[in-house]
Amino acid sequence: AQPRGSEPYSRSWCAQAATVFTNLIRANARSLITTPQASKIGVSSSTTSFGGSRTTRLLMQKPRFFLSSTIYDFKDLRSSIKYYLEQQGCSVAASEYSDFKISADKHSYDSCLENIKSSDYFVLLIGARVGGWYDLENRISITQQEYRTAYDLHKDGKIKILAFVRSEIWEH
């Protein structure tokens, strides 16, 4: 399916974002291939013989991206990012889609935080909206809590964080 949404982004911005994601995917593949403990991170090897020569190939786990933002104002961009990354062979966790892993016995916010823990990359999109309150008393939105969870994982070397800020917010 093609990306859906109402707010178009310029071709140059989309091309720049595609380049960033493509470079990440390539870097991820290189790091998986060169990691000494490859079997621990989802890489296995398979050897086959073709006419007397042996060929070894690496079978890699798909890189997993978690998209974090308010959904309403980033619907088109989230859709485009998900579409592009999936076309590149990646797995993308975006909470508005039916393939997002949720637990029926947990609040949807807790499912979001669990999905971050199983991701390789955390993509944060920052705009003008705040979104739902994860902790109303302390004024922490779910997007802020997602970032805090990802940051803790990042400090332990378990996830990489990419943040994109809308220009009108950055320049304000």
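That block above? That's the structure.
Residues numbered from 1 in each chain as written. Predicted model: local features only at pLDDT ≥ 70, side-chain atom pairs only at ≥ 80, totals over all residues. Heavy atoms only, no water.

As a further point, take unusual backbone geometry. The phi angle at Arg139 is positive, at roughly 55°, despite the residue not being glycine. Tracing the chain through its elements places Arg139 in the loop between β6 (133–135) and β7 (140–141). (Helix = DSSP H or I, 4+ residues; strand = E, 2+ residues; numbered from the N terminus.)

What follows covers helix α4 (residues 142–155). The periodicity of an α-helix, 3.6 residues per turn, causes residues three or four places apart in sequence to face the same way. Compared with an ideal rise of 1.5 Å per residue, which puts 14 residues at 20 Å, α4 spans 20 Å between its outermost C-alpha atoms and is within 8% of the ideal. When we look at burial in α4, the residues that qualify are Ile142, Thr143, Gln145, Glu146, Thr149, Ala150 and Leu153. In a view along the axis of α4, the buried residues occupy a sector of 165°, so they form one face of it. Packing partners of the buried residues in α4 comprise β3 (64–68), α3 (108–117), β5 (121–126), β6, β7 and β8 (160–165). Phi turns positive one or two residues past the end of α4, at Gly157, with a value near 75°. (Expected span 1.5 Å × (residues − 1). Buried < 20%, exposed > 50% of the residue type's maximum accessible area, 1.4 Å probe, protein only. Arc of directions from axis to C-beta. Contact = heavy atoms within 4.5 Å.)

Our next topic: the pattern of salt bridges. Should the charged atoms of two oppositely charged side chains come close, the side chains can pair. Under the counting rule described, the total for this entry stands at five salt bridges. When salt bridges that share partners are traced, they join Lys82, Glu86 and Asp99 into one network. (Salt bridge = Lys/Arg side-chain N within 4 Å of Asp/Glu carboxyl O.)

With that out of the way, let us pick up the packing of aromatic side chains. Summed over all chains, the structure comprises six aromatic pairs. Seen from their ring centres, Phe66 and Phe100 are 6.3 Å apart, and the 55° between their planes marks the pair as tilted. A residue pair is termed long-range when its members are at least 10 positions apart, and Phe66 in strand β3 and Phe100 in the loop between β4 (91–93) and α3 qualify at 34 residues. The same class applies to Phe66 as to Phe100, namely buried. Summarising the aromatic geometry, the rings of Tyr147 and Tyr151 are spaced 6.0 Å apart at their centres and angled 25° between planes, so their arrangement reads as stacked. Of this pair, Tyr147 and Tyr151 both sit in helix α4, four residues apart, roughly one helical turn. Take Tyr151: its relative accessible area is 37%, and that puts it in the partly exposed class. Chaining the aromatic ring pairs together yields one cluster made of Phe66, Phe100, Phe122, Tyr147 and Tyr151. Lying across the ring of Tyr97, Lys82 places its NZ or CZ 5.0 Å from the centre. (Phe/Tyr/Trp six-rings, centres within 6.5 Å; stacked < 30°, edge-to-face > 60°. Lys NZ or Arg CZ within 6 Å of the ring centre and 35° of its normal.)

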